[in-house]
Amino acid sequence: MRVAIVHHWFVTRGGGERVAECIASLFPEAEIFTLVAAPPGLPASLGSRKLHTSFLQRLPFGTTHHRHMMPLYPAATESLDLRGFDLVISSDSGPVKGVRVDPGAVHICYCHSPIRYLYDGYEDYRSQMGALVRFVFTATAGRVRRWDLEASKRVTYFIANSNYVAERIGRIYGRESTVIHPPIDLGLARFAVPGNHYLCAGRLVGYKRTDLLIQACQRLGRNLRIAGDGPELANLKRDATATTKFLGALETDALWQEYAECRALLFAADEDFGMVPLEAQACGRPVICYGAGGSLETVRGSGNLPTGVYFSEQTVESAIEGILLFEAQEAKFDPHAIRAWAATFATPIFL
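Parameters and conventions
- Residues numbered from 1 in each chain as written.
- Predicted model: local features only at pLDDT ≥ 70, side-chain atom pairs only at ≥ 80, totals over all residues.
- Heavy atoms only, no water.
- Pairing = 2+ DSSP bridges.
- Helix = DSSP H or I, 4+ residues; strand = E, 2+ residues; numbered from the N terminus.
- Axes fitted to C-alpha atoms, helices over the stretch in contact; angles between N-to-C directions.
- Buried < 20%, exposed > 50% of the residue type's maximum accessible area, 1.4 Å probe, protein only.
- Polar contact = N/O pair within 3.5 Å; in protein donor to acceptor, adjacent residues only side chain to side chain.
- Core = buried A, V, L, I, M, F, W, Y, C linked by side-chain atoms within 4.5 Å.

(A) Local environment of the sheet that holds strand β2 (residues 31-37). Pairing within the open sheet is parallel, and its seven strands lie in the order β3-β2-β1-β4-β5-β6-β7. Since the sheet does not close on itself, it has two edges, and those belong to β3 (51-53) and β7 (177-179), each with one partner. For this sheet, the mean inter-axis angle between neighbouring strands, taken without regard to orientation, is 25°. Sheet analysis places strand β1 (residues 3-10) next to strand β4 (residues 87-92), joined by five bridges and oriented parallel.

Here it is in structure tokens:
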């Protein structure tokens, strides 16, 4: 049986790339397909695999500005040559569910999310764009959306990374899906004596709402460390005070050490799943998070052995309430129980 693994792009390392790497480990002879790839985003374990990229790889700035090439995604996806493969597994939060496969071939799509900027997040993404980008995006989004809806019909089976995403797959694509949560690598977890500071981690983009967490900590006079890089970094630094320290993009070991040493992780995103809260919990640290989306599945906010607390709105005031609620009951969070909860999402279970 010839097997192909397809991932939208390997440019930066994140949860989606981790999922693609784990799926590929089940099929050591599988070939890898992607729209664009760059060394920082390609897992070392896939370095010896046969790698196929689309014509976007050959365009100027193809690997650095691929997110601005949405009008070309349908053509780039359909240019991937998957003839002769019996099983195609796509890891997708973009367009690669639309790859063309042979008649009779099975295509399983592990869907991290229907494309947010075409559906639920359309207006939010559009409002953050400059005038020229917004004009091009508005003029082409409808065509790409129609293509994406049609492409979803080509998938044989959908897997969703959370119940939250499964609901969206059903609502947007009219398809049923099986939920298999993404894996976390418990081998990276460690315990440490926690400090008196909070931690934010992840890519610094608008929808993560790191800005409101910075403001909440500043109003409370709490120290906050931020691990990550992204387009919002300059804006966040401009508004931050001395109580906020920016660590930049960290190597894996350094990031996990930050998890282990924080008082708690702060997380304000409405995320499809969210690997960062689970990674912090794997180190025994509780999470203070916006109570929506994937966080409702990854953080246990009630019961006898809670692993964190929820705040109800994406506002500074609500985040402050969440931090104060955590501090009022901080002693009841058991690091070993928190780690045991995170272990239910471990890689062997996913595989």
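Next comes the rest of the write-up.
(B) Highlighting the side chain of His-66. On the secondary structure map, His-66 appears in the loop between β3 and α2 (73-78). Owing to a relative accessible area of 5%, His-66 belongs among the buried residues under this scheme. Of the polar contacts made by the side chain of His-66, one reaches the backbone oxygen of Thr-63; its length is 3.2 Å.

(C) Just the nonpolar core, in detail. Val-6, Leu-35, Met-70, Tyr-73, Leu-82 and Leu-118 are the most contacted members of the largest nonpolar core, which totals 37 residues. Taken together, the elements giving at least two residues each to this core come down to β1, β2, α2, β5 (106-111), α4 (131-151), β6 (157-160) and α5 (163-173). If you tally residues by element for this core, the top one is α5, at five residues. Counting residues in hydrophobic clusters, the runner-up holds 28 residues, among them Ile-214, Ala-216, Ile-226 and Phe-326.

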